Amino acid sequence: MPESHPMIGGDGTYSYTKNSYLQREGIKYAKGLIDETIAHKLDIKDLLSNSRSFKIADLGCSVGPNTFICMESVIQAVKHKFQSHGLTEQIPDFQVFFSDHTFNDFNTLFRSLPPERPYFAAGVPGSFHGRLFPESSVHFVHSSHALHWISQVPKEILDKSSPAWNKGRIYYTGAPDEVGKAYAIQFAKDVDIFLDARAKELVVGGMMVLILPGIHNGISHSCAVVNVMLDLLGSCLMDMCKEGLVSEAQVDSFNLPMYVPSPKEMIELVERNGSFKIERMELFDPVPGNEAQILRSGHAWKMHFRAGLEGVFSKHFASETIDELFDRFPNKAAEKLKATLTETTLLFIALKRK
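Owing to the predicted nature of the structure, the values given are computational and were not obtained by experimental measurement. (Residues numbered from 1 in each chain as written. Predicted model: local features only at pLDDT ≥ 70, side-chain atom pairs only at ≥ 80, totals over all residues. Heavy atoms only, no water.)

As a further point, take the sheet that holds strand S1 (residues 53-59). The mixed open sheet is built from 7 strands, whose spatial order is S3-S2-S1-S4-S5-S7-S6. The open sheet has two edge strands with one neighbour each: strand S3 (120-125) and strand S6 (276-284). Recorded for the sheet is a direction-independent mean angle of 15° between the axes of neighbouring strands. Judged from the 7 bridges that link them, S1 and strand S2 (residues 93-100) form a sheet pairing that is parallel. In the strand pairing of S2, Leu 59 is matched with Ser 99. In the packing of helix H3 (residues 66-84) onto the sheet, the strands contacted are S1, S2 and strand S4 (138-144), and the crossing angle to S2 comes to about 150°. Lying on the sheet, helix H8 (residues 263-273) is in contact with S6 and strand S7 (346-353); it crosses S6 at an angle near 170°. (Pairing = 2+ DSSP bridges. Helix = DSSP H or I, 4+ residues; strand = E, 2+ residues; numbered from the N terminus. Axes fitted to C-alpha atoms, helices over the stretch in contact; angles between N-to-C directions. Contact = heavy atoms within 4.5 Å.)

Right, dumping it as structure tokens:
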């Protein structure tokens, strides 16, 4: 079974609801890309020839409000396409499936649904590393800041006898090449399973938009700001290990289940799978220049990471260890951010079911 690491639910201090600003900035920027993709690439007549409803799935929806912003953007773009073709009277009903792991806080999600939403809502619990919907039942799939989560940590990086054993680290950047290769292989397997499942669920001609952290082709993974920050978390944990606050064995047996791909990697994976045509793929900076100051705030990164990663750490470390880890992180992050600001990029991918 794929590992489940839900974002912090509710609306407390460290909740995802209150600490998903960076994801929201990426979604806001991607709206224009989604609008253009739907306007130029979505064939509404063929898709709805046998249906009066347009079904959209958001995979890795978490708890809001970002998922609601995404879904309304997609629906607005589809409606605009109907209107621009003189088909206003044929605009279908919309149904949105909000999907995430079974441990996701669906209660918070559905309590905060917009009261005047232009769609019928349903929840679909389960991992997107497998089937979620009946065959040929979905017209549009959206997934933002989710596909970079791999289904499991590669087994060989936890094996002391393996050259990929990731001793003294919690992530693949800065590690021996064997560790990075193990992560890349696991990511490739997961993406293939993901694409196979979506190929069965989407109608022919249906579309899928993916937004996830990415790096430029040929650039070291250590250049991505998210990877730099994750390395610093590992450094904080190792400092605590040296001080006897956490055992070395605990650190050596813990690794983060994420991988940040390049466009080249994603193109190869999609083409190898063969079920989808790439309609658009590009990297973009999710934070405008006049708002980039947040990327130099160690506290902002602490809140962002704790909302998303506490679920992973809490399965391995005691609560007091997690508190200490995230209390130490901002100062170390601030020092690093003063010295250099590495690249922040998201990868936008628009695919059409063949």
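Now, onward.
On to the side chain of Asp 58. With respect to the helices, strands and loops of the structure, Asp 58 is situated in strand S1. No salt bridge is formed by the buried Asp 58; the nearest opposite charge belongs to Arg 198, separated by 11 Å. In this structure the side chain of Asp 58 is engaged in a polar contact, spanning 2.4 Å, whose partner is the side chain of Thr 67. Discounting residues that sit within four places of it in the chain, Asp 58 has contacts with Thr 67, Met 71, Phe 97, Phe 98, Ser 99, His 142 and Ser 143. (Buried < 20%, exposed > 50% of the residue type's maximum accessible area, 1.4 Å probe, protein only. Lys, Arg positive; Asp, Glu negative; His and termini not counted. Salt bridge = Lys/Arg side-chain N within 4 Å of Asp/Glu carboxyl O. Polar contact = N/O pair within 3.5 Å; in protein donor to acceptor, adjacent residues only side chain to side chain.)

Applying the stated criterion across every chain yields a total of 17 salt bridges. Of the charged contacts in the structure, one is a salt bridge between Asp 323 and Arg 306, with a shortest N-O distance of 2.6 Å. Residue Asp 323 is found in helix H10 (residues 319-339), and its partner Arg 306 is found in helix H9 (residues 298-313); the two are separated by 17 residues along the sequence. Owing to a relative accessible area of 34%, Asp 323 belongs among the partly exposed residues under this scheme. Residue classification places Arg 306 among the buried positions, given a relative accessible area of 5%. Connected via shared salt-bridge partners are Glu 36, Arg 280 and Glu 282.

The geometry of helix H1 (residues 21-41) relative to H3 is characterised by a closest axis approach of 9 Å and an angle of 20° between their N-to-C directions. What the angle tells us is that H1 and H3 run roughly parallel. H1 and H3 meet at a crossing whose hand is right-handed. For the pair formed by H1 and H3, the contact residues are Gln 23, Arg 24, Ile 27, Lys 31, Ile 34, Asp 35, Ile 38, Ala 39, His 40 and Lys 41 on the first element and Asn 66, Ile 69, Cys 70, Ser 73, Val 74, Gln 76, Ala 77, Val 78 and Lys 81 on the second. Grouping the amino acids of the contact of H1 with H3 by side-chain chemistry returns 9 nonpolar, 5 polar and 5 charged. (Parallel < 35°, antiparallel > 145°, perpendicular 65-115°, else oblique. Left-handed = near helix turned anticlockwise from the far one by under 90°. Nonpolar A, V, L, I, M, F, W, Y, C, P; charged D, E, K, R; others polar.)

Further remarks concern unusual backbone geometry. Residue Gly 64 is joined to Pro 65 through a cis peptide bond whose omega torsion reads 0°. As for its placement among the helices and strands, Pro 65 is situated in the loop between S1 and H3. Residue Ser 136 is not a glycine yet carries a positive backbone phi of 50°. Residue classification places Ser 136 among the partly exposed residues on the basis of a relative accessible area of 43%. The phi angle at His 145 is positive, at roughly 55°, despite the residue not being glycine.

Met 229, Leu 233, Leu 256 and Phe 313 are the most contacted members of the largest nonpolar core, which totals 78 residues. Counting residues per element, this core draws most heavily on helix H6 (residues 225-242), at 11 residues. With residues near it in sequence (within four places) discarded, Phe 313 still touches Ile 170, Leu 233, Leu 237, Phe 254, Leu 256, Ile 322, Leu 325 and Phe 326. Counting residues in hydrophobic clusters, the runner-up holds 38 residues, among them Phe 68, Met 71, Val 96 and Ile 211. (Core = buried A, V, L, I, M, F, W, Y, C linked by side-chain atoms within 4.5 Å.)

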